[in-house]
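Here is what each chain is made of, one letter per residue.
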Amino acid sequence: MQLHNAKILVIDDDPDVLIAMRLLLKPHVAEIAVEKKPGNLPSLLSEKKFDVIILDMNFNGLVNTGNEGIFWLNRIKELAPDTDVILITAYGDIDLAIRSLKEGAADFIVKPWQNEKVIESVTEMLQKKKRSGVKLRPKAGETKIIGESEEIQEVFAKIKKVAPTDANVLILGENGTGKDLIAKAIHENSNRKNKAFVKVDVGALTSTLFESELFGYKKGAFTDARADRKGRFETAHGGTLFLDEIGNISLRQQARLLTVLQNRTITPLGSNEVIPVDIRLICATNLKISELSDESKFRKDLIYRINTVDMVIPPLRARGTDVTLLSRYFLDFYAEKYAKGALKTEKSFLEKLKSHSFPGNVRELQFVIERAVIMAENNILKAEDLSFSAIETAPEIQEMDDMRLETVEKNAILKVIDKNKGNISKSAKELGITRAALYRRLDKYDL
Ligand SMILES: Nc1ncnc2c1ncn2[C@@H]1O[C@H](COP(=O)(O)OP(=O)(O)OP(=O)(O)O)[C@@H](O)[C@H]1O
């Protein structure tokens, strides 16, 4: 990012410092804001996104320990993790400067400062702007897992620990919690990262498709087999195979899978050839481990195979400030996608988001924000711009406490499908579930 495009905020309780900083930076940057009271930070940051914040470490308390500075540094990291913080420390306070860097500050300036040094530091920050989260692809088109909450940080730590091993991983979590992204993160942080990452939604495959899709076939193996086709196991050779919705496969399919995992070989349909496969297996399900443990539905020996390590992805409602963080991320993303310019939000907008329970998790949040950005009348988003999925807002839910959950879900699905004129992809998106999950529900309710 270029200096002349940057938005900078300076926080210091000394008005002289604020004046000096404003005079120094104003000619070089797009916007400069100054603030005397750090207590106003949360509301400032909820209204606007800054690229760099320059923060005084020694507010004029009785004892200048720098603790207040550290406190506000941490608050900024919580509220605006993508914003770099440069600290102003008193001359000789190097210990404090180092402590601040450890706590997440990007740089520090020692008072009295040299003007060129300040410009230099801000320019440098902007050039190497680091991003939060686990980087999936360090190059162009990078995908990121956004999250700062303790819950998601634990997941990041586990990804880092588990990724370089070849252990099979079972990812558990509600729909839309990011299991797919996490599977990719494990692959991209593993030694197999330069080989294929192959995803198969096994829950959506019929029994015939399951075999042909996973193991491949020879020309003529069945009526439609007009040419040889490699199965997904073979395509993933050397890399990672990600089997999504594993909890929904039949006992017969489980037995086939188990054999492959035990022998590490496959035999394509219509062939006698035994092909060795070297894959790292990642599976995911929205079922709880206790539901998978029902032996009439899922084989114990298969669970042991696929579950060398398990990772439970917490629902969005249990991830504290991540709702705010993700909202900002999606706001920026969709504002850019739909060329909406810089969007601001009213306090009520974020408050409404924070008070919602997001049964469809991050996918639902993403959709809600996308819709709000598309529908926005101007560049300030208000609470009214948010409308949640019918599952949450269906009057049946509020009015009829005793109504069975399944009936509520069925009605909500019907309503959304009707609203989207039968378009399954749009309806699934609005409901915050995958198309496969919607098809399964249609099947379940005989719709
Ligand atoms: N932490 C996150 N940061 C950024 N985007 C996220 C995050 N978590 C999920 N998403 C986005 O939310 C959507 C749903 O995520 P994903 O498909 O990984 O969820 P899932 O748990 O695999 O869902 P399902 O169980 O329905 O298959 C995707 O568009 C994904 O990019």
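For the structure itself, consult the block above.
First things first, this report covers the structure right here in the doc. (Residues numbered from 1 in each chain as written. Predicted model: local features only at pLDDT ≥ 70, side-chain atom pairs only at ≥ 80, totals over all residues.)

## Notes on the sheet that holds strand β16 (residues 309-312)
Put simply, the test is: The pairing criterion is simple: DSSP has to find at least two bridges between the two strands. Each helix is a run of H or I in the DSSP string that is no shorter than four residues. Each strand is a run of E no shorter than two, and both are numbered from the N terminus. Here the axes come from fitting lines to C-alpha atoms, over the contacting stretch only for helices, and the angles between their N-to-C directions go from 0 to 180 degrees.
Pairing is parallel across the open sheet formed by five strands, whose spatial order is β9-β12-β15-β8-β16. Of all strands in the sheet, those bounded by a partner on one side alone are β9 (197-201) and β16. Here the average twist between neighbouring strands, direction ignored, is 20 degrees. Sheet topology places strand β12 (residues 240-244) next to strand β15 (residues 280-285); four bridges connect them, and they run parallel. Bridging from a neighbouring strand, T240 pairs with R280 of β15.

## Points about the environment of S427
The residue S427 is located in helix α19 (residues 424-431) in this model. Between the C-alpha atoms of S427 and K415, which are 12 residues apart in sequence, the distance is 9.3 Å.

## As for the environment of I171
Put simply, the rule is: For every residue, the other C-beta atoms within 10 Å of its own C-beta are counted; 20 or more classify it as buried, 12 or fewer as exposed, and values in between as partly exposed. C-beta atoms are placed from the backbone. Whether two residues are in contact depends on their C-beta atoms, placed from the backbone: they are in contact if these lie within 7 Å.
Inspection of the secondary structure assignment puts I171 in strand β8 (residues 169-172). C-beta crowding within 10 Å serves as the criterion here: with 26 such atoms nearby, I171 is assigned to the buried category. C-alpha separation for the pair I171 and N307, spaced 136 residues apart in sequence, amounts to 8.7 Å. Contact partners of I171, with chain neighbours within four places excluded, come to K179, I182, A183, I282, A284, M311 and I313.

## As for the nonpolar core
Worth spelling out the cut-off: The nonpolar core is taken to be a set of buried Ala, Val, Leu, Ile, Met, Phe, Trp, Tyr and Cys residues joined by way of C-beta atoms within 7 Å.
In terms of nonpolar packing, the biggest core is built from 38 residues, with I171, I182, I186, F233, I282 and C283 touching the most fellow members. Among the elements of the structure, α6 (150-162), β8, α7 (179-188), α8 (207-215), β12, α10 (251-263), β15 and α12 (300-306) are those that each provide at least two residues to this core. The contacts of I282, once residues within four sequence positions are left out, are V169, I171, A183, I186, T240 and F242. Core analysis: the next-biggest nonpolar cluster, separate from the first, contains 34 residues, L18, I53, W72 and A105 among them.

## Some points on the sheet that holds strand β3 (residues 52-56)
Spatially, five strands are ordered β2-β1-β3-β4-β5 in an open sheet, and the strand pairing comes out parallel. Across the chains shown, the open sheet's two edge strands, defined by having one partner strand only, are β2 (31-35) and β5 (107-110). Each adjacent strand pair in this sheet contributes to an overall mean axis angle of 20 degrees, direction not counted. In this structure, strand β1 (residues 7-11) lies alongside β3, joined through four bridges in parallel fashion. For I8, the partnering residue across the bridge sits in β3 and is V52. Those strands touched by helix α1 (residues 15-25) are β1, β2 and β3, and its axis lies near 175 degrees from that of β2. Where helix α5 (residues 115-127) meets the sheet, it contacts β1, β3, β4 (84-89) and β5, and its direction lies at approximately 175 degrees from that of β5.

## Overview of α7
Each turn of an α-helix holds 3.6 residues, which means side chains three or four residues apart point in the same direction. A large share of α7 lies buried, amounting to eight of its 10 residues. All buried positions along α7 are accounted for by K179, I182, A183, K184, A185, I186, H187 and E188.

## Focus on the packing of α6 against α7
As a reminder, the rule being used: With the far helix as reference, a near helix turned anticlockwise by less than a right angle produces a left-handed crossing, and one turned clockwise produces a right-handed crossing. Charged means Asp, Glu, Lys or Arg here, nonpolar means Ala, Val, Leu, Ile, Met, Phe, Trp, Tyr, Cys or Pro, and polar covers whatever is left, Gly included.
Between α6 and α7, whose axes approach to 8 Å, the crossing angle comes to 35 degrees. Here the hand of the crossing between α6 and α7 comes out right-handed. From α6, V155, I159 and V162 reach across to α7, where they touch I182, A185 and I186. For the contact of α6 with α7, the per-class residue count stands at six nonpolar, no polar and no charged.

By themselves, these figures tell us nothing about what the structure is for.
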